[in-house]
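Each chain, letter by letter, is given below.
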Amino acid sequence: MLDWLENDLLLDIHSCEPASSDASFRRYFRIKAPQGQFIVMDAPPPQEKVEPFVRIADLLARSQVNVPTIFRQNLSNGFLLLEDFGSQCFLDQLNENTAAGLYQSAFDSLFKLQANTPQLDSGLPAYDEPLLKRELAIFDDWFLEQSLDIAMPEPLRSSLHDILIASALEQPTTCVHRDYHSRNLMVLDADSPGVIDFQDAVIGPVTYDLVSLLRDCYIAWPTSQVEQWMTHYYQRLLQAGLIDCDLLRFKRWFDLMGMQRHLKAIGIFSRLHIRDNKSGYLKDIPRTLNYVTAVCAAYPELADFGRFLHEQVLPKL
């Protein structure tokens, strides 16, 4: 990487330090040189690909979403020289005093993504039934079976998956970032937030990114505040003609989409611990599981799954 920077790009590197950790094989470094300060992405082939990042960065920039400028590319080695958005993400600055302003900027950015991107020839893959099933299987395989040594009864598993997948697929579709939360939104002096980690974007359910943001795996807000934010954003989508449903139906979509995402996240946190020896995410499982049990309590059709969690899963945590 340094050879590419110094000999191909002719940068006189003064310092090179790790910039952030990542749940994937990607690594990020902050470099300082006379030409400026930059982020270098190292996405080692064949585990990672940089082409989706490059393509989707262009797509989101054309939708007026503030993503890092890509200055130089080395696709064969998996290196990108990127604009540096700094080190302050939303999670670092969120508190009761800052939440209103930070979330408003996040809603504005999300609305640009949802309103503008579908008008472009995105070429993004669909968030379809096979992908939803693969994601739900991560919870079963890595959290229940490998972490807790529990097997969910097949009738319960099938019923749960059917409910969550049907709800996801009946929603209007839009561009979905897939990780739109407090760690991937950077606080900037101008045109905040800077949006990162978008390389897995798809075309999928309209509530996905909203619930990722408001029921964040890394920070929780009172239910009444989340529902107020959700309602305001629902009204914005409705007025723009991006949805055509009542609030009750939108809230059901929001709740069940959140459950699908949270089950996947719990499975990923377990996989990071077991397979990749990254145990820092284990502390986020209780918060994420709390979202799941709360949704189970609100919908009679999820009562059996809620009972399973209370009787089989929670006692093992």
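As a reminder, the structure under discussion sits directly above these lines.
Parameters at a glance
- Residues numbered from 1 in each chain as written.
- Predicted model: local features only at pLDDT ≥ 70, side-chain atom pairs only at ≥ 80, totals over all residues.
- Heavy atoms only, no water.
- Patch = residues over 30% accessible without salt bridge, like charges linked within 9 Å, V, L, I, M, F, W, Y side chains within 5 Å.
- Areas by Shrake-Rupley, 256 points an atom, 1.4 Å probe, with all protein chains shown as cover.
- Salt bridge = Lys/Arg side-chain N within 4 Å of Asp/Glu carboxyl O.
- Lys, Arg positive; Asp, Glu negative; His and termini not counted.
- Charge placed at Lys NZ, Arg CZ, Asp CG, Glu CD.
- Helix = DSSP H or I, 4+ residues; strand = E, 2+ residues; numbered from the N terminus.
- Buried < 20%, exposed > 50% of the residue type's maximum accessible area, 1.4 Å probe, protein only.
- Expected span 1.5 Å × (residues − 1).
- Polar contact = N/O pair within 3.5 Å; in protein donor to acceptor, adjacent residues only side chain to side chain.
- Pairing = 2+ DSSP bridges.
- Axes fitted to C-alpha atoms, helices over the stretch in contact; angles between N-to-C directions.
- Contact = heavy atoms within 4.5 Å.
- Left-handed = near helix turned anticlockwise from the far one by under 90°.
- Nonpolar A, V, L, I, M, F, W, Y, C, P; charged D, E, K, R; others polar.

K.L.:
Where do I start with a negative patch on the surface in this structure?
P.N.:
Together, Asp-3, Glu-6, Asp-8 and Asp-12 line one region of the surface with negative charge. With respect to the helices, strands and loops of the structure, Glu-6 is situated in helix 1 (residues 2-8). Take Glu-6: its relative accessible area is 35%, and that puts it in the partly exposed class.

K.L.:
Got a minute to help me understand helix 9 (residues 247-274) in this structure?
P.N.:
Along an α-helix, a turn takes 3.6 residues, which lines up residues three or four apart on a common side. With 28 residues, helix 9 extends 40 Å between its outermost C-alpha atoms, agreeing within 8% with the 40 Å of an ideal straight helix rising 1.5 Å per residue. At the N-terminal boundary of helix 9, the capping side chain belongs to Asp-246, with an oxygen 3.3 Å from the backbone nitrogen of Leu-248.

K.L.:
Explanation requested: the sheet that holds strand 4 (residues 70-74) in the structure shown.
P.N.:
Pairing between the strands of a sheet is mediated by backbone hydrogen bonds and can be parallel or antiparallel. An order of 1-2-3-5-4 is seen for the five strands of this open sheet, with the pairing classed as antiparallel. Looking at which strands have only one partner, the edges of the open sheet turn out to be strand 1 (15-20) and strand 4. Averaged over all pairs of adjacent strands, the angle between strand axes in this sheet comes to 25°, irrespective of strand direction. The sheet contact formed by strand 4 and strand 5 (residues 79-83) spans four bridges and is antiparallel. When the bridges of strand 5 are listed, Gln-73 appears paired with Leu-80. Sitting on the sheet, helix 2 (residues 51-62) touches strand 3 (36-42), strand 4 and strand 5, and the angle it makes with strand 4 is about 155°.

K.L.:
Would you take a moment to explain the packing of helix 8 (residues 223-239) against helix 9 for this structure?
P.N.:
Angle between the axes and distance between the axes are the two parameters that describe a pair of packed helices. Where helix 8 contacts helix 9, the two axes come as close as 11 Å, and the packing angle between them is 120°. Between helix 8 and helix 9 lies a crossing whose hand is right-handed. Touching Val-226, Glu-227, Met-230, Thr-231, Tyr-234 and Leu-237 of helix 8 are Leu-247, Phe-250, Lys-251 and Phe-254, all from helix 9. Each residue belonging to the contact of helix 8 with helix 9 can be placed in one class, and the counts come to seven nonpolar, one polar and two charged.

K.L.:
Where do I start with the pairing of strand 5 in this structure?
P.N.:
Within a regular beta strand, the side chains point alternately toward one face of the sheet and then the other, so they alternate between its two faces. Taken across its five residues, strand 5 has four buried, putting it largely inside the fold. When strand 3 meets strand 5, the two strands line up antiparallel, connected through five bridges. In the strand pairing of strand 5, Ile-39 is matched with Leu-82.

K.L.:
Teacher, can you tell me more about unusual backbone geometry here?
P.N.:
Generally, phi is negative for residues other than glycine and the peptide bonds are trans, each holding for most cases. In the segment running from Pro-45 into Pro-46, the intervening peptide bond is cis, with an omega of 0°. Residue placement: Pro-46 occurs in the loop between strand 3 and helix 2. With omega at 5°, the peptide bond leading from Ser-192 into Pro-193 counts as cis. As for its position among the elements, Pro-193 is in the loop between strand 7 (185-186) and strand 8 (194-195). Located in the positive-phi region is Arg-178, a residue other than glycine, with phi close to 90°. Of note, Arg-178 is situated in the loop between strand 6 (173-176) and strand 7. A positive phi angle is found at Asn-277, which is not glycine, with a value near 60°. You can call Asn-277 exposed: its relative accessible area is 68%.

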